Amino acid sequence: MRHIPGNRSHQVEFYFDRTINLQGLQFDLNYDRRRMRLTRVRTDLPGFSSDNLSFDPSTASLKASWIESNSFNGTNLPAGTPIATLSFVAGNISACSNISFNESNLRAEVYENG
């Protein structure tokens with residue numbers, strides 16, 4: 001858990017700890033909407049667009065589903081390369097909040113070549 005001062009923005013990066021030939025992924029993330037507000041999702045995955053995201057601010061749920069469509073080889077990502085960066089703004093008070101995968105709604109999965 002990380003402390004974010006009130007009314008400040010913070011970025012959270014998601015990455016793999018090893019090199020991967022990524023062919024696809026899916027996940028559902030949740031956070032405490034009373035303490036944080038999602039302001040931006042950024043990724044450099046080829047072909048990833050807003051069509052790959054579903055966001056419901058009333059439940060603070062962010063779903064993503066992406067398949068690399070340009071080749072059967074996948075997208076080579078060296079260890080530590082961000083697959084996504086989420087930007088949040090903390091509420092008016094200093095906040096601590098978890099960001100978690102919601103496995104009951106959509107199982108987090110990664111598809112790789114190799």
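Residues numbered from 1 in each chain as written. Predicted model: local features only at pLDDT ≥ 70, side-chain atom pairs only at ≥ 80, totals over all residues. Heavy atoms only, no water.

Colleague: Could you clarify how one ought to interpret the overall build of the chain in this entry?
Modeller: Secondary structure assignment for the chain yields zero helices and eleven strands. Order of helices (α) and strands (β) in the chain, N terminus to C terminus: β-β-β-β-β-β-β-β-β-β-β. Computed over its C-alpha atoms, the radius of gyration of the chain comes to 15 Å, within 12% of the 13 Å expected for a compact globule of 114 residues. Principal-axis analysis of the C-alpha atoms gives the chain an extent of 45 × 25 × 20 Å. For the chain, the residues scored as buried account for 35% of the 114 residues in total. Considering only residue pairs separated by 6 or more positions, the chain has 85% of its internal contacts joining residues 24 or more positions apart. Approximately 7200 Å² of the chain is accessible, and the part contributed by carbon and sulfur atoms is 45%. (Helix = DSSP H or I, 4+ residues; strand = E, 2+ residues; numbered from the N terminus. Rg over C-alpha atoms; globule rule 2.2 N^0.38 Å. Buried < 20%, exposed > 50% of the residue type's maximum accessible area, 1.4 Å probe, protein only. Contact = heavy atoms within 4.5 Å. Areas by Shrake-Rupley, 256 points an atom, 1.4 Å probe, with all protein chains shown as cover.)

Colleague: Honestly, the environment of L38 in this entry has me stumped. Any pointers?
Modeller: Looking at the element boundaries, L38 is found in strand β4 (residues 36-42). The exposure class of L38 is buried, given its relative accessible area of 14%. As for L38 and F55, which are separated by 17 residues in sequence, their C-alpha atoms are 9.5 Å apart. The contact partners of L38, leaving out residues within four places of it in the chain, are Y31, F55, L62, L86, S87 and F88.

Function cannot be read off these values alone, since they describe shape.
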